[in-house]
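Geometric and topological summary
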Amino acid sequence: MIAPRSWLPTPVLSILLLVVWLLLVRSYAFGHFVLGGSLAILIPLLTHRFWDARPRIAKPIALLRFFFRVLGDIITANFEVAYLIANPWRKLKPHFIEYPLMLEERFTITLLASTISLTPGTVSANLRMDGKSLLIHALNVDDEEALINQIRERYERPLKEIYEC
């Protein structure tokens with residue numbers, strides 16, 4: 001749980017809430033600034049105890065590298081999936097894979113599952129209750145072990161390095 005540090009525990013969230021409020025009401029009248037500002041302060045104060053602790057980024061440069069790697073993989077996978085779909089004579093080999101996790105923190109597991117789902121051709125389908133493995137559906141799998149090693153090296157190890165050390 002996050003303990004509030006002050007009367008404004010998350011200033012960025014508060015500013016975002018105020019901006020969203022003003023965009024929703026489509027008015028910049030003083031009353032809307034007051035009401036939106038009040039909500040922007042009260043909502044974070046009332047909900048802070050439900051939030052998980054903020055992750056500590058141990059290596060910001062590694063996070064930047066990870067971001068660009070995932071972006072490149074998304075672009076490449078889009079072309080690969082488009083090629084697979086555009087060539088219907090090619091036989092697809094869809095497969096569910098049980099992926100054993102090295103990660104332990106809920107936040108990093110969520111990031112890994114989201115990264116896998118963002119990459120076209122793969123979807124995170126389920127996380128076991130014990131948090132030890134992730135069920136992944138892949139559109140075209142030739143070698144299950146190769147896919148597991150690719151996910152581990154390209155996504156899981158960098159996330160472990162960035163957040164869990």
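Within each chain, residue numbers correspond to sequence positions counted from 1 in written order. With pLDDT at 70 or above as the cut-off, local features in this predicted model cover only qualifying residues; side-chain atom pairs require 80 or more to be listed or tallied, and sums for whole chains, interfaces and linings still use all residues. Working from all heavy atoms in the structure, the side-chain values ignore hydrogens and water.

Relative to strand E3 (residues 133-138), strand E2 (residues 122-127) is paired through five bridges, and the arrangement is antiparallel. Bridge pairing in E3 places Val123 opposite His137. Where E2 folds back onto E3 in an antiparallel hairpin, the turn is made up of five residues, including Gly131, whose phi is positive at roughly 70°. When DSSP locates at least two bridges between a pair of strands, those strands are taken to pair. Counting from the N terminus, the helices are the DSSP runs of H or I reaching at least four residues and the strands are the DSSP runs of E reaching at least two.

Now for the layout of surface pockets. Of the voids in this model, the largest pocket is the one considered here, and its volume is about 610 Å³. Put simply, the grid is 1 Å and covers the protein atoms alone, a cavity is a trapped set of points that fit a 1.4 Å probe, a pocket is an open set with protein on both sides within 12 Å along at least five of seven lines, and lining residues have an atom within 4 Å of a point. Contributing to the lining of the largest pocket are 25 residues, with Glu80, Thr122, Asn140, Leu147 and Gln150 lying nearest its centre. For the lining of the largest pocket, the secondary-structure elements that each account for two or more residues are helix H3 (60-86) and helix H5 (144-164). For this classification, the nonpolar set comprises Ala, Val, Leu, Ile, Met, Phe, Trp, Tyr, Cys and Pro, the charged set comprises Asp, Glu, Lys and Arg, and every other residue, Gly included, is treated as polar. For the lining of the largest pocket, the class distribution of residues is 13 nonpolar, six polar and six charged. Empty space within the second largest pocket amounts to approximately 220 Å³. Taken together, Asp52, Ala53, Arg54, Pro55, Arg56, Glu105, Arg106, Phe107, Thr108, Tyr163 and Glu164 form the lining of the second largest pocket. Elements that contribute at least two residues to the lining of the second largest pocket include exactly helix H4 (106-118) and H5. By residue number, the principal contributor to the lining of the second largest pocket is H4, which donates three residues. Grid points are joined across faces, edges and corners, and a volume is the space filled by probe spheres set on the points.

Turning our attention to the nonpolar core. Residues grouped as a nonpolar core are buried Ala, Val, Leu, Ile, Met, Phe, Trp, Tyr and Cys residues, joined through side-chain atoms within 4.5 Å. Relative accessibility thresholds used throughout: buried, under 20% of the residue-type maximum; exposed, over 50%; partly exposed, between the two (1.4 Å probe, protein chains only). In this structure, Tyr99, Leu112, Leu134 and Ile151 are the most contacted members of the largest nonpolar core, which totals 23 residues. Those elements that provide at least two residues to this core are H3, strand E1 (95-100), H4, E3 and H5. With seven residues, the top contributor of residues to this core is H5. Non-local contacts of Leu134, meaning those with residues more than four positions away in its chain, are made with Ile97, Glu98, Tyr99, Leu101, Ala113, Ile116, Ser124, Asn126 and Leu127. Any two residues whose heavy atoms approach within 4.5 Å are treated as being in contact.

All right, on to the packing of aromatic side chains then. Centres within 6.5 Å make a pair out of two Phe, Tyr or Trp rings, where for Trp the six-membered ring is used; the pair is then stacked when the planes are under 30 degrees apart, edge-to-face when over 60, and tilted otherwise. Enumeration according to the criterion identifies three aromatic pairs in this entry. Pairing Phe66 with Tyr155 gives two aromatic rings, centres 6.4 Å apart and planes at 90°, and the pair type is edge-to-face. One end of the pair, Phe66, is in helix H3; the other, Tyr155, is in helix H5, with 89 residues separating them in the sequence. Judged by its relative accessible area of 7%, Phe66 is buried. Ring geometry for Phe67 and Phe68: centres 5.2 Å apart, planes at 75°, overall edge-to-face.

Each domain span listed reflects an automatic or database assignment of domains. According to the domain assignment, the chain contains domain 1 (11-50) and domain 2 (60-164). Computed from C-alpha coordinates alone, the two centres of domain 1 and domain 2 are separated by 36 Å.

Once that is clear, we can look at the UniProt feature "transmembrane region" (unreviewed entry) in the chain. UniProt positions are given in the numbering used here, feature names are shortened, and annotations may be inferred rather than shown by experiment. Here, UniProt's "transmembrane region" (unreviewed entry) annotation points to residues 7-24 and 30-51. Between the end C-alpha atoms of residues 7-24 there is a gap of 25 Å, over a span that is 78% helix and 0% strand. Secondary structure across residues 30-51 comprises 82% helix and 0% strand; the distance between its end C-alpha atoms is 31 Å.

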